[in-house]
Amino acid sequence: MCAAEIATILITGINGINDIRKREIFFLPTVLAGIAGMLYSISCGAELLKILGGLLPGLVVLALAILFNGQMGLGDAVVVMALGTWRDMTAVFIILISGLMAAAVVGGIYLMKGRHKKELPFIIFLFIGSLVEILI
């Protein structure tokens, strides 16, 4: 397991637990992890365009958060952008799509149980998506 994969697990795992407990992320540590990811990527010889490409999925989540008035939180976008500094765009999209699929399954279960207004913390599903991406 490389440093980028470890960072991915730590960023999503720690923030996922906090998202479940308090419905918020550790903002400053996550931003610092994103800066560390940029420095790591640059030190490994990644091109600036590749780093910016890794940020694209986070920018999409940020646009959705703004467009839908916080249905998806700004914290989710910050976490996805931090992941994008460590991982390439393809890996982040796999994490995001896997997380969305896991959230859809759990959301479907909540709907079948009659819990229509239950809000789900999303970052824990990004953790699941991270595990899926690392395993494939």
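A brief look at the structure comes next. Sequence order as written defines residue numbering, which begins from 1 separately in each chain. Side-chain atom pairs in this predicted model are given and counted only at pLDDT of 80 or more, local residue features only at pLDDT of at least 70, and totals for whole chains, interfaces and linings cover all residues. Each side-chain value is derived from all of the structure's non-hydrogen atoms; neither hydrogens nor water enter the calculation.

Regarding the packing of helix α5 (residues 89-112) against helix α6 (residues 123-135)
- Closest axis-to-axis distance for the α5/α6 pair is 7 Å, and the angle between their directions is 125°. Taken together, the axes of α5 and α6 lie oblique to each other. Remark: the crossing between α5 and α6 carries right-handed chirality. Along its contact with α5, which presents Ala91, Ile94, Ile95, Leu96, Ser98, Gly99, Ala102, Ala103 and Val106, the element α6 presents Phe125, Leu126, Ile128, Gly129, Ser130, Val132 and Glu133. Note on definitions: angles span 0 to 180 degrees between N-to-C directions of axes, and those axes are lines fitted to C-alpha atoms, for helices only across the stretch in contact. Labels follow the DSSP assignment, with helices taken as runs of H or I lasting at least four residues and strands as runs of E lasting at least two, numbered in each case from the N terminus. Just so you know how the angles are binned, under 35 degrees is roughly parallel, over 145 roughly antiparallel, 65 to 115 roughly perpendicular, and the rest oblique. Note on convention: the crossing is left-handed when the near helix lies turned anticlockwise from the far helix by less than a right angle, right-handed when the turn is clockwise. Residues are treated as being in contact if the distance between any of their heavy atoms lies within 4.5 Å.

So, the pattern of salt bridges
- Salt bridges are counted wherever a side-chain nitrogen of Lys or Arg sits within 4 Å of a carboxyl oxygen of Asp or Glu. For the structure on display, the rule yields one salt bridge.
- With a shortest N-O distance of 2.6 Å, arginine 87 and glutamate 133 are connected by a salt bridge. Taken together, the positions of arginine 87 in the loop between α4 (74-86) and α5 and glutamate 133 in helix α6 put the pair 46 residues apart, joining distant regions of the chain.
- Remark: exposure states derive from per-residue accessible area (1.4 Å probe, protein chains only) relative to the maximum for the residue type, with buried under 20%, exposed over 50%, and partly exposed in between. Taking relative accessible area as the criterion, arginine 87 reaches 11% and is therefore assigned buried.
- Judged by relative accessible area, glutamate 133 falls into the buried class, the value being 11%.

Digging into α4
- Over its 13 residues, α4 runs 19 Å from end to end, which matches the ideal 18 Å to within 8%, given 1.5 Å per residue.
- For α4, a buried count of ten out of 13 residues is recorded, marking the element as mostly surrounded by other parts of the structure.
- Where the residues of α4 are buried, they touch α1 (3-22), α2 (27-43), α3 (48-67), α5 and α6. Helices are assigned an expected span. That span is 1.5 Å times one less than the residue count.

Considerations on the side chain of serine 98
- Relative to the assigned elements, serine 98 resides in helix α5.
- A relative accessible area of 15% means that serine 98 is categorised as buried.
- Polar contact criterion, stated in full: a pair of N or O atoms within 3.5 Å, where within protein one must be able to donate a hydrogen and the other to accept it, and residues adjacent in sequence count only if both atoms are side-chain atoms. Polar side-chain contacts of serine 98 include one of 2.8 Å to the backbone oxygen of isoleucine 94.
- Setting aside residues up to four positions removed in sequence, serine 98 forms contacts with Gly129 and Val132.

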